[in-house]
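Residue-level structure breakdown
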Amino acid sequence: MKIEKLEVSQHLDTRKLYEEVFSEDEKSFVDYYYQEKTKDNIIYVVREDDDIQAMLHLNPYTLMVNGIEKESYYIVAVATRKEYRGRRYMAELLREALLDMYQAGVTFTYLMPAAEAIYLPHDFRTMYEQNYAPEEKLAESITVQAAEDKDCDEISAWAQKELARKYQVYAKRDKNYYERLLKELACEDGKLIIYRKDGQIVDVRPYYEESKETEEVEKKEAKPKIMIRIVDVRRMLMSLRLQSFMGTCFTVTDPIIEENNRCVMITGTEFSGVMLMDGKPENSEGTLTVAALTSLVFGVKTAEEICADGDAVMSDRMKEELDKIIPFKGLSERDSVKKEVSFVFL
């Protein structure tokens, strides 16, 4: 087995495997994906018997995390040819990608799983999506128009304000983001619709032909899941906000990213934010896995609950201190038509 990180000029070589494994995807979407998404993504492959037998794609996004820009990757198109499954190719691809992301300074990564059980052993943890419901019902005073490229600057400015007002974590929506989204919707016979009141944008929503609309509604009702994995423990902890003064020392364990195995001293206030230092093992009040830390900081479980699961051991005082962390909320909604996922879709 040989793992390769492909050059951009080689990305099209993976299309044959993509079409074989994801045969349900329409040709128009696959055309779009390989024309647009593979311009700037990262693709890892396993070569065996002189051909690509497995792959993993990292699609880049700029995320806003508590008002700070952070580069991240959405893991997508994880696939192994049927005859080569059961050889741990996916595990090795994930390991390679996670190690490279750590070196690149990525704080956390995310994906939409075909099955949660596939990714749990690699310390991904599940976050349910939160549907976005417009605050204002559409009325007779609302005008509707299909978005065009010339509207992308205005849509971006509106979306950034709305997202910053409502969410701690969301994908940054610049002009290029919406120009690419329009292309993706078009390949699915869809449009991006702008709703205005008194000339000002009040909402932006995707629209599909009737059959597509029904399909998308069914998908939303199924409540798709997102799984997240912390890549850099220190960067993750430094991104947090606190309810009040807190301070504790604990140890984190990570079976894949060696640099995350460390003892840390975390302190701070609601005004200063988190201050982080290397801790001394003899002062540690507990130990938690990187997966448990993910569940904690993204608000899936409390300190008490991760201890009950067996993913952490800590003193009662440490539990009280960790409960002063303000967990990330507001995750997330389907970002684009089929394959791309981000944290809020407007």
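Everything here concerns the structure above.
Remember, it's a predicted structure, so these values are computed and weren't measured experimentally.

At 3.6 residues per turn, the α-helix brings residues three or four places apart onto the same side. Among the 8 residues in helix α9 (residues 290-297), 8 count as buried, and that is most of the element. Of all the positions in α9, only Val290, Ala291, Ala292, Leu293, Thr294, Ser295, Leu296 and Val297 are classed as buried. Backbone geometry just downstream of α9 places Gly299 in the positive-phi region, at approximately 75 degrees.

So, about the packing of aromatic side chains. The full count for this structure, using the stated rule, is 11 aromatic pairs. Ring geometry for Phe29 and Tyr33: centres 6.2 Å apart, planes at 35 degrees, overall tilted. A residue pair is termed a helical-turn pair when its members lie 3 or 4 positions apart in one helix, as Phe29 and Tyr33 do in helix α2 (residues 27-36) at 4 residues. For the pair Phe29 and Tyr33, a shared accessibility class is recorded, and that class is buried. Taken together through their ring pairs, the aromatic side chains of Tyr18, Phe22, Phe29, Tyr32, Tyr33 and Tyr34 make up a single cluster. Between the NZ or CZ atom of Arg205 and the centre of the ring of Tyr195, over which it lies, the distance is 4.9 Å.

Further remarks concern the pairing of strand β2 (residues 42-48). The buried count for β2 comes to 5 of 7 residues, which makes it a mostly enclosed element. For strand β1 (residues 2-5) and β2, the ladder comprises 4 bridges, and the chain directions are antiparallel. For Lys5, the partnering residue across the bridge sits in β2 and is Tyr44. Across 7 bridges, the pairing between β2 and strand β3 (residues 51-65) is antiparallel. Following the sheet pairing, Arg47 is matched in β3 by Ile52. Connecting β2 to the next strand, β3, in antiparallel fashion are 2 residues, including Asp49 with a positive phi near 55 degrees.

Below, the discussion takes up the pairing of strand β10 (residues 200-208). For strand β9 (residues 190-197) and β10, the ladder comprises 8 bridges, and the chain directions are antiparallel. Bridging from a neighbouring strand, Tyr195 pairs with Asp203 of β10.

Moving on: the sheet that holds β10. Pairing is antiparallel across the open sheet formed by 3 strands, whose spatial order is β7-β9-β10. Strand pairing shows two members of the sheet lacking a second neighbour, β7 (142-146) and β10, which therefore form its edges. The sheet shows a mean angle of 25 degrees between the axes of neighbouring strands, taken without regard to direction. Pairing analysis gives 5 bridges linking β7 to β9, with the strands arranged antiparallel. Its bridge partner lying in β9, Thr143 is registered against Arg196. Sheet strands in contact with helix α5 (residues 152-166) are β9 and β10, and its direction is about 105 degrees off that of β10. Strand contacts of helix α6 (residues 175-187): β9 and β10, with the helix running at about 125 degrees to β9, the strand carrying the most contacts.

Cut-offs applied
- Throughout, a residue's number is its position along its own chain's written sequence, starting from 1.
- Totals for whole chains, interfaces and linings use all residues, but because this is a predicted model, local features are given only for residues with pLDDT of at least 70 and pairs of side-chain atoms are given and counted only at 80 or more.
- In computing side-chain values, all of the structure's heavy atoms are included and hydrogens and water are not.
- Type-normalised accessible area, obtained with a 1.4 Å probe on protein chains alone, sets the label of each residue: buried when under 20%, exposed when over 50%, and partly exposed for intermediate values.
- Helix and strand assignments come from DSSP, with helices taken as H or I runs of at least 4 residues and strands as E runs of at least 2, each series counted from the N terminus.
- Only Phe, Tyr and Trp rings take part, Trp by its six-membered ring, and two of them pair if their centres are within 6.5 Å. Stacked means planes under 30 degrees apart, edge-to-face means over 60, and tilted covers everything else.
- Both a distance and an angle decide whether a charge sits over a ring: NZ of Lys or CZ of Arg must be within 6 Å of the ring centre and within 35 degrees of the ring normal.
- Only strands that DSSP links by at least two bridges are regarded as paired with each other.
- Working convention: axes come from line fits to C-alpha atoms, limited for helices to the stretch in contact. Angles between N-to-C directions cover 0 to 180 degrees.
- The contact definition used throughout considers only heavy atoms, calling two residues in contact when any of these lie within 4.5 Å.

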